[in-house]
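Residue-level structural notes
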Amino acid sequence: MEGVEHPEGEGRGQLISMAMQIEKTFQVKEPVEQVWSLLSDPRRIATCVPGAKITDQVNEKTYKGTISVRVGPTTTDYNGELEIVRLDSQNHEIEILGKGQDVKGRGSASMKMTGKARALEDGSTEITSVSEVNVVGILAQMGSRVISEVSNIMFAQFVKNFQAQLQQPADAAAGEAKPISAASLAWAAAKGAFHRDS
Amino acid sequence: MGCRTSPEVGGMGHPIKRKEDLRFIQGKGNYVDDVQLPEMVYGHMVRSPYAHARLKSVNTENAKKLPGVLAVITGEDLAKANLAWMPTLFFDKQMVLATGKVLFQSQEVAFVVAEDPYTAADGAELVEVEYEELPVLVDPHKSLDPASPILREDREEKSNHIFHWEVGDKSATDEVFENAAVKAKVDAVFQRCHPAPLETCGCVADFNAATGRLTIHLTSQAPHAHRTLFALVGGIPENNIRVISPDIGGGFGNKVPIYPGYVCAVVASLTLKRPVKWIETRSENLQSTGFARDYHMTAELAAGQDGKIQALRVKTLADHGAFNAAAQPTKFPAGLFSICTGAYDYPTAFCEVDGVYTNKAPGGIAYRCSFRVTEAAYLIERAVDVLAQELKTDPVDLRRKNFIAPQKFPYKSPLGWSYDSGDYDAAMKVALDMVGYDELRKEQQEKRKRGELMGIGVSSFVEIVGAGPAHTFDIAGIKMFDSSEIRIHPTGKAICRMGTKSQGQGHETTYAQIVAEELGIPASDVTVEEGDTDTAPYGLGTYASRSTPVSGAATAVAARKIRAKAKKIAAHLLECSEEDLDWEPGKFFVKGAPSKAKTIQDIAFAAYTNMPEGMEAGLEAVDYYDPPNLTFPFGTYICVVDIDKGTGEVKVRRFVAVDDCGNIINPMIVDGQIHGGLTEGFAIAFMQEIGYDESGNVQGGSFMDYLLPTAVETPTWETGKTCTPSPHHPFGAKGVGESPNVGSPAAFVNAVVDALSHLGVTHIDMPIAPWKVWNILKEKGVVN
């Protein structure tokens, strides 16, 4: 087909991307080295993520795991791999690539997360994470309004677990964070969606 | 038009109440999902979450172990019976259940059958499918990029290009453009929409092993065509297939194609020898069944400084999704899009369309539209407004200057159509008077001085409906005639059986009114029956506003055949010759002696009890009508909007719709059709889009995202009429069902653009959601 030109921009249908960038910052009172030892250990950090579990270590940098996400009446269990792309102990930065498929074949999700721990003047630590999340499948049809609320709730739970985990000695047996109950998550997400400022 | 019959007889022109509504308003309709059969089981579809992925494995073991699950059918199972693929209605094929790979989100992958619908749904969750994700192609503009993946590995042609189609004189058009004093251009996307009928698609397939007959209760706008296709594709003798299309809760083109769920239900019923019901959910309907539009169009108009249009040039990219499942006449890959020259008189035009594949649901169906006429009307009516802006002239004046004059009909359009009749300026005049156009323009000037935003949008559309003449029109080879069979019972009551199928249009009332008009039998005495292929005469069904132009014509012609026989019987009863008789609706009488008469009821009784010697008993006729031409309804719509600068919300203050559909059978039903179609047009203009994100996730897959207007959002409609009968139709009718959907989107968009035109805005793509308007206002510095 020769000569088919269609102008960019004006008059074009718009594509919306389901890829979302989520940036979060929080502080803990522990010093940066203690925080970093937790942040850089996938087995321990996984216990902080609601519904997540490391099941196997493939090699030095790659782990297998599962994560269970509940939105309203549906639970999506993702089965996948976690790879540490970059581990910079000097600057306390870690870059993780996670990719999982819904075990019931209803979709997949991938996430690229950069985490950074920074020492503050008072001896406490600021943790910043920037995640790019891409969801494909039934969950993605619910749109960003639901997914970003769910991630907010999961993050709040993560911070709580993270702080609790900091109190544990580094070699404590890695437990498993409980998935959040379906009812509370759905309700909180609904509340969040209705009460957003924007 | 005055009525020739009394209100009691209820012939043409009487606003009699719809007969079918008696059962509908009582909740006594009989839809496919109401069908209950002994031993019936239920199907549920497993669908792909991915828009493009290789199918590595489909494991059905766990699903089959679930108590109550009777069968799980996969693409590989169907492939063994050579049924994994089926032909579409337009020279393509589509997967029934996926083999190899999936090509759009929600594509059918496996079919689970169980004793009850809940177990079937649970079983579907247990089907384990392993996918390998592939790069996704969503943007049709990238379909032909060498870097884009080739979606269809089954095709010999290794390209995402489906067709190129062109019509008109390219070099003559280019030449006019080279020399034109004034040129206007608009790039307009008619977004992907969905008809979203109230009733989703579904079927009950019932194979009776004892008789060898397959009965399919089907949400079908074209039961006969579907029977033939099931026979041809499935290899089942056509006499052993009975398609019953019961009450249908809205079709709008969505119920023209054959869907994988139907085929799976039939296969399951043949396998299990039990009736299998499959009913879509709302989301399945929106995500996988026939979408409409998705035309990415560019129109250019060339004109003189005097505002006379000289030529039109159109280039369009058609996104058909994963399979070209358009349902349209065989010779027209872009439907009747070449009606895009509109209501205007100029000799030169060129139009080209290229169809491409993307990782989206298949389709390209005619949503309340005679095959791409909506896209065409929208495009030309937008382009004329852009030209008016270019010429700094009033869009109404520009239209009136260029209308095809009434004496020029039949009018040969530059892209080859022969318009049957029209008086476009008459409809325009009525609309201008109704809305008070001059006053509104003054008000707009005043408001602009105060910084308020108000717009007036005009659309003078021309439709092309009633497909169609057998020499040019067929669907999958079957000519697009349609039929009517009328039988008059001895007591003078009648039954009328049709090749069409109402989905809410009111056929049980309007066809009866045609019989009443032609034979004088009260409409209340005429039963209209459609949708059962065992009893109805063969026909191509109801879509493209073809019922009144084609089957309505067949009804009149069949009735006239009956009247001819009735005349012979009357002459026999009155002991005179046929030449001595005159007819008025309901009776023959002796010329000059009106008291010497025989009513149609007397004659009907005599047809069974006292017929002339040598005459066959009975009083019945059938007609298969082949229309000599299409019909060309038209109208002028004017929309007045106010825009809230704070929110970007567009408020439709008034909407005047003046329609000309020729002679009218039932004015109340016509008004109802116009109200419904305008409401759909309003939704398309402001609310609806089946969008996709970059990964091919459907963003309009439920009513949470694909919005339906309720009474709260819907404006008040003001309707008006002119009447220019079709010269070739037996009773001068043209068809109206689609006009409001075809004509209104341009009026809405033109009104919004008009409100913003002084800011330099020339076009906004639909749906015009508040955020789009607000962004424009922000960009233009109207709000901070």
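Position numbers for residues count from 1 along each chain, tracking the sequence in the order it is written. Chains carry letters from A onward and ligands carry numbers from 1 onward, assigned in written order. Thresholds applied to this predicted model are a pLDDT of at least 70 for local features of residues and 80 or more for the giving and counting of side-chain atom pairs; totals over whole chains, interfaces and linings are not thresholded and use all residues.

Per the secondary structure count, chain A includes 5 helices and 7 strands. Counting other C-beta atoms within 10 Å of a residue's C-beta gives its exposure: the residue is buried at 20 or more, exposed at 12 or fewer, and partly exposed in between, where C-beta atoms are placed from the backbone. The buried share among the 198 residues of chain A stands at 31%. Working definition of a contact: two residues with C-beta atoms, positioned from the backbone, lying within 7 Å. In chain A, the proportion of contacts linking residues at least 24 apart, taken out of those at least 6 apart, comes to 58%. Each helix corresponds to a stretch of at least 4 residues labelled H or I by DSSP, and each strand to a stretch of at least 2 residues labelled E; elements are numbered beginning at the N terminus.

This brings us to the pairing of strand β3 (residues 62-71) of chain A. Residue and element names in this part refer to chain A. Think of it this way: DSSP has to see at least two bridges between two strands before they count as a pair. Taken together, the 5 bridges between strand β2 (residues 52-57) and β3 define a ladder with antiparallel strand orientation. Bridge assignment links D56 to a residue of β3, and that residue is K64. Counted along the chain from β2 to the antiparallel partner β3, the turn is 4 residues long.

Turning next to the packing of helix α14 (residues 547-574) of chain B against helix α15 (residues 600-609) of chain B. All names here are of chain B. Geometry is summarised by axes, namely lines fitted to C-alpha atoms with helices restricted to the contacting stretch, and by angles between N-to-C directions that run from 0 to 180 degrees. Their axes nearest at 9 Å, the elements α14 and α15 cross at an angle of 90°. When the interaxial angle is binned, α14 and α15 end up roughly perpendicular. Of the residues in α15, those touching α14 at A566, I569, A570 and L573 are I600, D602, I603, A606 and A607. Any angle that falls under 35 degrees is termed roughly parallel, while one over 145 is termed roughly antiparallel, one within 65 to 115 roughly perpendicular, and all others oblique.

Residues and elements named next belong to chain B. The 4 strands are arranged β26-β25-β24-β30 in an open sheet whose pairing can be described as mixed. The strands lining the two open edges of the sheet, one partner per strand, are β26 (526-529) and β30 (620-625). With strand direction ignored, the average angle separating the axes of adjacent strands in the sheet is 15°. In this structure, strand β25 (residues 494-498) lies alongside β26, joined through 4 bridges in parallel fashion. Bridging from a neighbouring strand, C496 pairs with V528 of β26. Contacts from helix α13 (residues 507-519) reach β24 (482-488), β25 and β26, with the element oriented near 130° to β26.

Residues and elements named next belong to chain B. As for its placement among the helices and strands, R546 is situated in the loop between β26 and α14. Remark: the alpha-carbon pair of R546 and A621, spanning 75 residues in sequence, is separated by 21 Å. In contact with R546, other than residues within four places in its own chain, are V465, G466, A467, D482 and G735.

Turning our eyes to something else, we now look at α13 of chain B. Counted at 1.5 Å a residue, the expected span for α13 of chain B with its 13 residues is 18 Å, and the 18 Å between its end C-alpha atoms agrees. G520 of chain B lies just past α13 of chain B and shows a positive phi near 75°. The length a helix should cover is 1.5 Å for every residue beyond the first.

Nonpolar cores are built from buried Ala, Val, Leu, Ile, Met, Phe, Trp, Tyr and Cys residues. These are joined into a set through C-beta atoms within 7 Å. Core analysis: the biggest nonpolar cluster contains 278 residues, and V112, V113 and V515 of chain B have the highest contact counts within it. With 11 residues, the top contributor of residues to this core is helix α9 (residues 373-391) of chain B.

Turning our attention to the environment of V182 of chain B. Residue and element names in this part refer to chain B. Of note, V182 is situated in strand β10 (residues 182-193). V182 sits in the partly exposed class, given 17 other C-beta atoms within 10 Å. Between the alpha carbons of V182 and L70 there is a distance of 69 Å; along the sequence they are 112 residues apart. Once residues within four sequence positions are removed from consideration, V182 is found in contact with A303, G304, Q305, E390 and L391.

Next up on the list: helix α7 (residues 260-272) of chain B. All names here are of chain B. The terminal C-alpha atoms of α7, which comprises 13 residues, lie 18 Å apart, in line with the 18 Å expected from a rise of 1.5 Å per residue. With 10 of 13 residues buried, α7 lies mostly within the body of the structure. Along α7, the residues that are buried comprise P260, G261, Y262, V263, C264, A265, V266, V267, A268 and S269.

Let us look at the confidence of the model for chain B. As a per-residue measure, pLDDT tells how confident the predictor is, with possible values from 0 to 100. Per-residue pLDDT for chain B averages 97, and the proportion of residues at 70 or more is 100%. Interface confidence for the predicted complex, expressed as ipTM, amounts to 0.71; the pTM equals 0.92.

Right, let's get into unusual backbone geometry. Residue and element names in this part refer to chain B. A cis geometry characterises the amide bond from F409 onward to P410, with omega recorded as -5°. The residue P410 is located in the loop between α10 (395-402) and β19 (411-412) in this model. The amide bond that connects A467 to the next residue, G468, takes the cis arrangement and shows omega of -20°. Notably, R293 is not glycine yet its phi reads approximately 65°, a positive angle. Within the element layout of this structure, R293 appears in strand β15 (residues 291-303). One non-glycine residue, A544, adopts positive backbone phi at about 55°. Here A544 shows up in the loop between β26 and α14.

Residues and elements named next belong to chain B. Segment limits for the domains were obtained from an automatic or database-derived domain assignment. When the domains of chain B are assigned, the result is domain 1 (21-29 + 482-625), domain 2 (32-134 + 200-248 + 255-288) and domain 3 (373-465 + 629-779). Between the C-alpha centres of domain 2 and domain 3 the distance comes to 39 Å. Counting residues at the interface gives 9 residues for domain 2 and 10 residues for domain 3. Only Asp, Glu, Lys and Arg are considered charged, only Ala, Val, Leu, Ile, Met, Phe, Trp, Tyr, Cys and Pro nonpolar, and every remaining residue, Gly among them, polar. When its residues are assigned to classes, the side of domain 2 that touches domain 3 shows 3 nonpolar, 5 polar and 1 charged.

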